[in-house]
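# Topology and contacts: notes
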Amino acid sequence: MVKILRARKYGFCSGVRTAILKAKRFASENKEGTILGQIVHNEKVVEEMEQLGLSTVESLSDVKKPYVIFSAHGVPPSFYKRAKEKDLKVVDATCKFVLDIHKESAKALSEGKHLVFIGDPNHREVIGYTHDLKKEQFHIIENIEQAKKVQWEKYPSITIFYQTTLNSDEFEDVVLYIMNKNPNAKKTDTICYATKENQNAAKELAQNEEVEIIFVIGGKKSANTRHLFEICNSFKKSYLIQGKEDIKKEWLIGVKGIGLTAGASTPDTIVDDVENYLRKITSEQLHPDLLHK
Ligand code: SF4
């Protein structure tokens, strides 16, 4: 009998729950609206929104209906003004942890600090923090190589922010490098609690001796899911899947213990589906000759 163990903590965080709830409540009022950027980074949730009549667009100029819904990842502050200019009413589903970084970074900037955002420059959350800034006011750093190219000594003081869903361990070298180069560089603790909890639980799961392989369930664009995958995969063979349809039976041959975790934007129903499917196929005899039948 194959053992299937879920991480102690996985899946939906408060920010995602609130964003989905706000969008669903809006849809139930029969108002017309468009979501700017995936409401949360999960393709199945985006499909569900479509079915509720809320389409997703990538640019504010593509929003045509009277309401625009800002996603959990937030938007540049100027977008509130732009929406008003376009006569759009705003439903703001930005996560409060993202809003906190907007506030903190604006304060740091007003105090004359140079801003550093550790994260992905193409992620909506990071675009939200930096879009309205002047080039010389900030850096977005993804790795140590990039950090080494900047003359950190020349800034009087620096405040470092993390994208909320990063794994801070992976960027310790970057932050230490900047702080060593500039004694007035300070880091802020902006990785959100849900990300930390899911990451700690994923690490625990991956270190469980009974677990041989791990499925990390989440959307293709989900940064926090990718980080969970990196953590798990550094301990045990792991697979990043969007749902049960991505599972290949050959991955399970000879496996006696499976771990399951999921990103902060993955609905519980998808995790349940994956577990039920795994229980079903692992109860069958998994022999190489049967796999493609
Ligand atoms: S992962 Fe954290 S920052 Fe992102 S939506 Fe959830 S609670 Fe907010």
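Residues numbered from 1 in each chain as written. Predicted model: local features only at pLDDT ≥ 70, side-chain atom pairs only at ≥ 80, totals over all residues.

Take the domain arrangement of the chain next. You can read the domains of the chain as domain 1 (3–11 + 195–290), domain 2 (14–95) and domain 3 (97–187). Relative placement of domain 1 and domain 3: their C-alpha centres are 32 Å apart. Contact residues are listed per partner, giving seven residues for domain 1 and seven residues for domain 3. Elements supplying a minimum of two residues to the side of domain 1 that touches domain 3: α8 (193–207) and α9 (223–233). (Domains from an automatic or database assignment. Contact = placed C-beta atoms within 7 Å. Helix = DSSP H or I, 4+ residues; strand = E, 2+ residues; numbered from the N terminus.)

Relative to the assigned elements, H227 resides in helix α9. For H227, a count of 24 C-beta atoms within 10 Å puts it in the buried group. Every residue in contact with H227, bar those within four places of it in the chain, is listed here: T165, L166, N167 and Q199. (Buried ≥ 20, exposed ≤ 12 C-beta atoms within 10 Å, placed from the backbone.)

Positive phi values are uncommon outside glycine, yet N30 reaches one of about 60°. Position of N30 relative to the elements: it lies in the loop between α1 (14–28) and β2 (33–36). The class for N30 is exposed, based on 7 C-beta atoms found within 10 Å. You will see that D87, though not glycine, has its phi angle at about 65°, which is positive. Considering the arrangement of structural elements, one finds D87 in the loop between α3 (78–85) and β5 (89–92).

In this section: the site of the ligand. The local shell around the ligand holds 15 residues, among which C13, G15, C95, T164 and C192 are the closest. At the level of elements, α1, α4 (96–110) and α8 are the ones that each hand at least two residues to the shell around the ligand. Of all the elements, α1 adds the most residues to the shell around the ligand, at three residues. Split by residue class, the shell around the ligand holds nine nonpolar, six polar and no charged. (Near = placed C-beta within 6 Å. Nonpolar A, V, L, I, M, F, W, Y, C, P; charged D, E, K, R; others polar.)

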